[in-house]
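What follows is the residue order along each chain.
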Amino acid sequence: MPTTTLSRAARFGGRPRLPGDKSISHRGLILGALAEGRTEVVDLLESGDVQSTARCLRALGVAIAREGASTFVDGIGGRGFSTPEGVLDCGNSGTTMRVLMGVLAGRGVAATLTGDASLVRRPMRRVAEPLVRMGARFDLTNGDCAPLTVHGTRLHGIDYALKIASAQIKTAILLAGISASGRTRVTGEVGSRDHTERLLPHFGGAVEVAPGRVEVPGDQRLRAARVHVPGDPSTAAFWMAAACLVPGGHVELERVSLNPTRTGFLRVLERMGADVRVEVTEAHPEPVGRMVVRQGALRGVVVAPDEVPSLIDELPMLAVLASQAEGETSVSGAEELRVKETDRIEAVATNLRAMGGRIETRPDGFVVEGGGALRGAAIDSFHDHRIAMAFSIAALVADGETVVHGSECVGISYPAFFDTLRDLTT
Ligand code: S3P
């Protein structure tokens, strides 16, 4: 298993170029695949997860080509997908599998979706269930999990009260809804990231968004668009955290997504007392801006359930930061962490304790006692990119060497992570 060895950083600072947002990259490819004409996605994230989406779309007959900073997608428009030869391998990517379940359910092709050892353990009935109510046909022979087969058919719109604040489920229902007959309305937990709702009109689609409700008419035709993917705020979180922790640390980040459904980590950092400056530079279809973070003292905070969806992927990094803050930090309402690429509550607790941190786990979160020094340790990434990156940042303020086992998994969202880390610390 590849390992990376890290030690205390004497400095941290610079202006790293952030890779494109992962959620918007998936959606740019998928909406482009559905549209009529040639979509251009600029600054698409090049990483394992996004390659999984591109690989599946190609197997469904969509041409995707990269030229410099642009990726061109020749959409199927009214033509329809072709039946793939063999299974669609979604790799490690939950977004690929769940969103494609919704896309394929109403589009006349049959396909079997599978993934790596982590993905085939993650729950999929939560996506199939609303789609089946729309008339979709799935073979779920492996309990709650993939491999699963979707038999695309004509769907009808439904009213669905979503109980899990998951953008992947919401997106699957909406993208099934735009090909169904009648309207599809999602209510309940719709406050998760809203990139699909923002991008649909950009592709000529119709969507109505109101507090607690998202609605799409059926039988829609999308047209090709140009999408400039902003920097990923979930990736930015690692550099923001390092800037907060390393003495004299600072970082400047340009063109970061400031979508309010993604800026929970920024708001929590501000509550912790961090020195963060933000300037909005673009507004449509996604707010984008510049961020400057400087090192300073942090205090513990309470993260409440209603803010969890806006920083769900940043919680491993927050746990590490909390270990260096004054006082206690608690996170609740984050039970979804248990069904991510790994059980992130247990993975964080195991690794933080190995470094001498104090953490108690809860079924739906954790409590970290801040203020203790960290010591270098053997870190298990559990093949989870966000665990590997969060504990690589912890290593920068720990005594002695830290060895991150399974460090290659950073390629899922940020292949250049360790190269950039070296640039920022030397
Ligand atoms: C994502 C939604 C979130 C997030 C994941 C990407 C998306 O998952 O954790 O990294 O692009 O829609 P859930 O929908 O399971 O909350």
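A brief structural summary. (Residues numbered from 1 in each chain as written. Predicted model: local features only at pLDDT ≥ 70, side-chain atom pairs only at ≥ 80, totals over all residues. Heavy atoms only, no water.)

**Some words on the sheet that holds strand β23 (residues 378–380)**
Stated precisely, the cut-off is as follows: For two strands to be treated as a pair, DSSP must find at least two bridges joining them. Secondary structure elements are taken from DSSP: a helix is a run of H or I of four residues or more, a strand is a run of E of two residues or more, and numbering for both begins at the N terminus. Axes, fitted as lines to C-alpha atoms, cover a helix only where it is in contact. Angles between the N-to-C directions of the axes lie from 0 to 180 degrees.
Spatially, β1-β25-β23 is the arrangement adopted by the 3 strands of the open sheet, whose pairing is mixed. Across the chains shown, the open sheet's two edge strands, defined by having one partner strand only, are β1 (3–6) and β23. Taken pair by pair, the neighbouring strands of this sheet meet at an average axis angle of 20°, ignoring direction. Across 3 bridges, the pairing between β23 and strand β25 (residues 402–405) is parallel. Looking across to β25, one finds that Asp 380 is bridged to His 405.

**A look at the packing of aromatic side chains**
Let me state the cut-off plainly: Pairing of aromatic rings covers Phe, Tyr and Trp, the last counted by its six-membered ring, and requires centre-to-centre distances within 6.5 Å; plane angles under 30 degrees mean stacked, over 60 mean edge-to-face, and any other angle means tilted. When accessible area is computed with a 1.4 Å probe and restricted to protein chains, residues below 20% of their type maximum are described as buried, those above 50% as exposed, and intermediate ones as partly exposed.
Tallied over the entire structure, the rule returns 6 aromatic pairs. Taken together, a centroid distance of 6.2 Å and an interplanar angle of 75° make the contact between Phe 238 and Phe 417 edge-to-face. Residue Phe 238 is found in helix α7 (residues 233–245), and its partner Phe 417 is found in helix α12 (residues 417–425); the two are separated by 179 residues along the sequence. With a relative accessible area of 1%, Phe 238 lands in the buried category. Here Phe 417 falls in the buried class, since its relative accessible area comes to 0%. Aromatic pair Tyr 414 and Phe 417: ring centres 5.8 Å apart, planes at 65°, arrangement edge-to-face.

**Regarding the nonpolar core**
Applicable threshold: Put simply, buried Ala, Val, Leu, Ile, Met, Phe, Trp, Tyr and Cys residues joined by side-chain atoms within 4.5 Å make one nonpolar core. Should any heavy atoms of two residues lie within 4.5 Å, those residues are counted as being in contact.
One finds Phe 12, Trp 239, Phe 265, Phe 391, Ile 393 and Phe 417 to be the most contacted residues of the largest nonpolar core, which totals 76 residues. When residues in this core are grouped by element, the largest group, 10 residues, is from α7. Sequence-distant contacts of Phe 391, defined by excluding residues within four places in its chain, comprise Val 320, Val 348, Asn 351, Leu 352, Met 355, Ile 379 and Thr 402. Of all hydrophobic cores here, the second largest spans 67 residues; its members include Leu 44, Val 73, Ala 128 and Ile 158.

**Here we look at the site of the ligand**
Stated precisely, the cut-off is as follows: Here a residue counts as near a molecule or strand whenever at least one of its heavy atoms sits within 4 Å of it. Whenever a nitrogen or oxygen atom comes within 3.5 Å of another N or O atom, the pair is scored as a polar contact, on the condition that within protein one atom can donate a hydrogen and the other can accept it, and that pairs from neighbouring residues in sequence are kept only if both atoms are in side chains. Throughout, the Shrake-Rupley method with a 1.4 Å probe supplies accessible areas, and for residues the shown protein chains are the sole cover considered. Ten residues, namely Ala, Val, Leu, Ile, Met, Phe, Trp, Tyr, Cys and Pro, are considered nonpolar, four, namely Asp, Glu, Lys and Arg, are considered charged, and the remaining ones, Gly among them, are considered polar.
Near the ligand, the surroundings consist of Lys 22, Ser 23, Arg 27, Thr 95, Arg 98, Ser 166, Ala 167, Gln 168, Arg 193, Ile 312, Asp 313 and Lys 340. Contacts to the ligand include Ser 166, whose side-chain N or O atom sits 2.6 Å from an oxygen atom. The contact in question runs from an oxygen atom of the ligand to an N or O atom on the side chain of Lys 340, over 2.7 Å. Burial of the ligand by the surrounding chains reaches 94%, relative to a free accessible area of 380 Å². Counting only elements with at least two residues in the shell around the ligand, the list comes to α1 (22–34), α3 (94–105) and α5 (167–177). The leading source of residues in the shell around the ligand is α1, at 3 residues. Of the residues contributing to the shell around the ligand, the split by class is 2 nonpolar, 4 polar and 6 charged.

**Focus on the pairing of strand β19 (residues 328–331)**
In summary, the side chains of a regular strand alternate between the two faces of the sheet. What counts here: When the strands point away from the viewer and the path from the first strand over the helix to the second turns clockwise, the crossover is right-handed.
With burial as the criterion, only one face of β19 is covered, namely that bearing Thr 329 and Val 331; the residues Glu 328 and Ser 330 on the opposite face remain uncovered. Remark: the strand β18 (residues 302–303)/helix α9 (residues 315–323)/β19 crossover connection has right-handed handedness. Looking at chain direction, β19 and strand β21 (residues 365–369) are connected through 4 bridges and run antiparallel. Across the sheet, Glu 328 pairs through a bridge with Glu 369, a residue of β21.

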